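# Close look at the chain arrangement
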Amino acid sequence: QMTWNDEFEGETIDDTKWTVYDNRTHGDQELQLYLASQVYVSNGSLVLRTSQEKALYGSKVYNFTSGWVESQDKFSQQFGRFEIRAKLPDPRVLGIWPAIWLMPQQNPWNCWPVGGEIDIMEATGGDNNNTVYGTYHYGANCSDSEGSDPQDIRLDSTGTQCTCGCGCDLRHGPNG
């Protein structure tokens, strides 16, 4: 039985299901600033656009902008099946890293990755590493500016645990 869905019908994002962030950074040295103007609905799809453009946040100039939405505090499910239809950007774009995450609704540690993160999909772009992963991030300590090393379990397209570099090559199919 389906418990939640969004087919992105209409012309606007349903704010009872999604929070759209504006003027936000992720805090892990990413090169883009997340802007609400980069998030919109078009032809039954949610679009998170990435652009090469300058944007100022505080005293820092970002050379790229992108969109960020999340459903935290609007939907939570512990078990079940998740289906997502997504079109990824050109895998040849160096540095692009789209992801669809599952984060804990309640995280008593209030830090990453101690509470855990499941990436249903994260795709690393560029000529040397254009790979799609399913990843579970976890760790005993909070990541900080000193670079605490979170632990990762990555699965290839068959669901087999693998080491760095496995996965699905976006140009050539599974394990390219």
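Higher on the page you've got the structure.
A quick note: this is a predicted structure, and the numbers were derived from the prediction, not measured. For every chain, the first residue of its written sequence is number 1, and the numbers climb from 1 along that sequence. pLDDT decides what is reported in this predicted model: residues at 70 or higher carry local features, side-chain atom pairs at 80 or more are listed and counted, and totals for whole chains, interfaces and linings draw on all residues regardless. Values shown for side chains rest on all heavy atoms present in the structure; no hydrogens or waters enter the calculation.

### As for the overall build of the protein
Secondary structure is summarised from DSSP: a helix means a run of H or I of at least four residues, a strand means a run of E of at least two, and numbering begins at the N terminus for each. Counting its regular elements, the protein contains zero helices and 14 strands. When the helices and strands of the protein are listed from N to C terminus, the series reads β-β-β-β-β-β-β-β-β-β-β-β-β-β. Counting all 176 residues of the protein, 29% fall into the buried class. Here a residue-residue contact requires only that any non-hydrogen atoms of the pair lie within 4.5 Å. Contacts spanning at least 24 positions in sequence make up 46% of the contacts within the protein whose residues lie at least 6 apart. Surface summary for the protein: the accessible area is close to 12100 Å², and the carbon and sulfur share equals 48%. Using a 1.4 Å probe on the protein chains alone, a residue whose accessible area is under 20% of its type maximum counts as buried, one over 50% counts as exposed, and one in between counts as partly exposed. The Shrake-Rupley method, run with a 1.4 Å probe sphere, supplies the accessible areas, and residue values consider only the shown protein chains as cover.

### Quick look at the sheet that holds strand S5 (residues 51–57)
DSSP-based pairing: two strands are paired if at least 2 bridges between them are found. One open sheet holds the three strands; their spatial order is S2-S6-S5, and the pairing between them is mixed. What marks the edges here is a single partner per strand, and that holds for strand S2 (32–34) and S5. With strand direction ignored, the average angle separating the axes of adjacent strands in the sheet is 55°. Strand direction decides the pairing type here: S2 and strand S6 (residues 60–66), joined by three bridges, are parallel. Along S6, the bridge assignment pairs glutamine 32 with phenylalanine 64. Working convention: axes come from line fits to C-alpha atoms, limited for helices to the stretch in contact. Angles between N-to-C directions cover 0 to 180 degrees.

### As for the nonpolar core
Phe8, Ile13, Trp18, Val39, Val41 and Val69 form the largest nonpolar core, which has six residues in total. When near neighbours in sequence (up to four residues on either side) are disregarded, valine 69 contacts Trp18, Thr19, Val20, Val39, Leu46 and Leu48. For the purposes of this section, nonpolar cores are sets of buried Ala, Val, Leu, Ile, Met, Phe, Trp, Tyr and Cys residues that join through side-chain atoms within 4.5 Å.

### A short note on the pairing of strand S4 (residues 45–48)
With four bridges connecting them, strand S3 (residues 39–42) and S4 associate as antiparallel partners. If you follow serine 42 over to S4, its bridge partner there is serine 45. Adjacent in sequence and paired antiparallel, S3 and S4 are bridged by two residues, among which asparagine 43 carries a positive phi angle near 50°.

### Overview of the packing of aromatic side chains
Each pair of aromatic rings taken from Phe, Tyr and Trp, with Trp reduced to its six-membered ring, is defined by centres within 6.5 Å and is described as stacked if the planes are under 30 degrees apart, edge-to-face if over 60, and tilted in the remaining cases. Under the defined criterion, the tally for this structure stands at six aromatic pairs. Relative to tryptophan 18, the ring of tryptophan 4 has its centre 5.3 Å away and its plane inclined at 75°; by these criteria the two rings are edge-to-face. You can see tryptophan 4 sitting in the segment before strand S1 (19–20) and its partner tryptophan 18 sitting in the segment before S1, a full 14 residues away along the chain. Members of the aromatic cluster, connected to one another through ring pairs, are Trp4, Phe8, Trp18 and Phe75. A ring is considered to have a charge above it if a Lys NZ or an Arg CZ atom is located within 6 Å of its centre and within 35 degrees of its normal. Here the basic side chain of lysine 17 rests over the ring of tryptophan 4, its NZ or CZ set 5.8 Å away from the ring centre.

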